[in-house]
Amino acid sequence: MDRIKITGGGPLEGVIPISGAKNAALPLMIASLLTRDTLTLSNMPLLADVTQLERILGNHGVDFAISGKRSGQSENAGRTVHFTARDIVDTTAPYDLVSRMRASFWVLAPLVARAGEARVSLPGGCAIGTRPVDLLLMAMEQLGTKIEIENGYVVASAKNGLIGGEIDFPKVTVGGTHTALMAAVLARGETVIKNAAREPEITDLANCLNKMGAKISGAGESTIVVKGVGSLHGAHHSVLPDRIETGTYAMAVAMTGGDVLLAGARAADLQAALDVLEQSGTKITSTPEGLRVKRNGGGIQPVDIETAPFPAFPTDLQAQFMALMTRANGVSRITETIFENRFMHVQELARLGAHIKLEGDTAIITGAEHLDGAPVMATDLRASVSLVIAGLVARGETTINRVYHLDRGFERLESKLRACGAQIERISGHA
Ligand code: UD1
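Residues numbered from 1 in each chain as written. Predicted model: local features only at pLDDT ≥ 70, side-chain atom pairs only at ≥ 80, totals over all residues. Heavy atoms only, no water.

(A) Up close: the nonpolar core. Counting 78 residues, the largest nonpolar core has L108, L181 and L209 as its most contacted members. By residue number, the principal contributor to this core is helix 1 (residues 22–31), which donates 7 residues. Among residues more than four places away in sequence, those in contact with L108 are A118, V120, L137, M140, V154 and A156. Of all hydrophobic cores here, the second largest spans 67 residues; its members include L12, L277, I305 and A422. (Core = buried A, V, L, I, M, F, W, Y, C linked by side-chain atoms within 4.5 Å. Buried < 20%, exposed > 50% of the residue type's maximum accessible area, 1.4 Å probe, protein only. Helix = DSSP H or I, 4+ residues; strand = E, 2+ residues; numbered from the N terminus. Contact = heavy atoms within 4.5 Å.)

As structure tokens, then:
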């Protein structure tokens, strides 16, 4: 199993190119199941989760072709991948594939919309709380799907096609909103989605579906209206830049000090997190090339945050921000309102010398003058990268075990950081 070795050191200086967003790429790929034609996605990140989903889609009959490199294209250019689901050959998504990545459960909606049936294993994924799928199933039922649970599988059918209806989510859910959209686009009549998630990845999916011939209005707002169409066609769509990767590197620079351009990043997709970073003493400027993040001298100021659905501070940046606060000049409080049990990084940060106390859904962090390198273990995707951020300033050597979590969501992490002066390397082999 690979490990990552970091020797804590100086500031980060240079340019980090931001990749296409994992959390947009996954639902966009799944949307290819909705049409017989080819869906071409550019700016695709090269990540373990993407490769895993290609495998899952392949099982349903999706062919994919990767465009070769073009002359003059840098290694940072995202891939262009063509997905074609000419025929759905298998409507079962088996346990051994779905259990590795929660988002693969989202194949349920397009399979039912296109083929009238699906048998999808209940999901696995990051170990961050129970993460039920009741609201995804509720959305499907509202559009006329019959759902049964059999031996760990969701067995769904809508033999006569889906029918538009009203879906009123009692809680904001990203996966639920993706599911509702992908079901509603091919349903007969109109669907109104209330209390929809407003994350930029929802808007990205809706934009792509509209290019494919769907009639969606209001994406990015709390109420989305979808007028069902008979069929969708092929399209070309470029995946939006990854706001979580952007925020993660911004926090790394806030931690180490320095001056880095996050090339291609869009401030509007993570304004709440950028505002918090500014309060902590980091200077952020939007430029035509991306976001410039700078912290010179001056300490890190403590800031209290609470995670919440977009446009508020994202739960996917909570662990990284906690790493930053471990070195703040004072006490900060971080409250996690989206997932219970998303504090597994606390124990590992403590191994590096952080002072963190947990009180229910709140972590109270007292900034320490120094962190000290130690062997630590990654427990989920975002938790792993919080350990990288801490390792960048810890005195001496930090070794992060089980880095496969990082590979699920961060493209070429070590080389991007190394290019800005970090001492970070991957050690292949067994721990
Ligand atoms: C997506 C993101 C994940 C992010 C999360 C919240 C992807 C691939 N994953 O996950 O990185 O952390 O949004 O921004 O895009 N819930 C229910 N019942 C359901 C579904 C959800 O109770 O049927 C709850 C969850 O347990 C959680 C909350 O709703 O407490 C939000 O979850 P949701 O937005 O659905 O997260 P995901 O779509 O799984």
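(B) Just helix 10 (residues 318–325), in detail. Buried residues dominate helix 10, accounting for 8 of its 8 residues. Of all the residues in helix 10, the buried ones are Q318, A319, Q320, F321, M322, A323, L324 and M325.

(C) Focus on the layout of surface pockets. Roughly 280 Å³ of volume is contained in the second largest pocket. Lining the second largest pocket are 15 residues, and of these K69, Q73, A77, G78 and R79 lie nearest its centre. Considered class by class, the residues forming the lining of the second largest pocket number 4 nonpolar, 5 polar and 6 charged. (1 Å grid on protein atoms, 1.4 Å probe; cavity = no way out; pocket = protein on both sides within 12 Å on 5 of 7 lines; lining within 4 Å. Points joined across faces, edges and corners; volume = space filled by probe spheres on them. Nonpolar A, V, L, I, M, F, W, Y, C, P; charged D, E, K, R; others polar.)

(D) Broad picture of the pattern of salt bridges. Tallied over the entire structure, the rule returns 20 salt bridges. The residue E148 makes a salt bridge to K146 at a minimum N-O spacing of 3.2 Å. Of the residues examined, E148 reaches a relative accessible area of 35% and is grouped as partly exposed. E190 is the salt-bridge partner of K227, the closest N and O atoms lying 3.2 Å from each other. Residue K227 is located in strand 13 (residues 224–227), and its partner E190 is located in strand 11 (residues 190–194); the two are separated by 37 residues in the primary sequence. Using a relative accessible area of 44% as the deciding quantity, one classes K227 as partly exposed. Residue E190 is classed as partly exposed on the basis of its relative accessible area, which comes to 41%. Through salt bridges that share partners, D2, D407, E414 and R426 make up one connected network. (Salt bridge = Lys/Arg side-chain N within 4 Å of Asp/Glu carboxyl O.)

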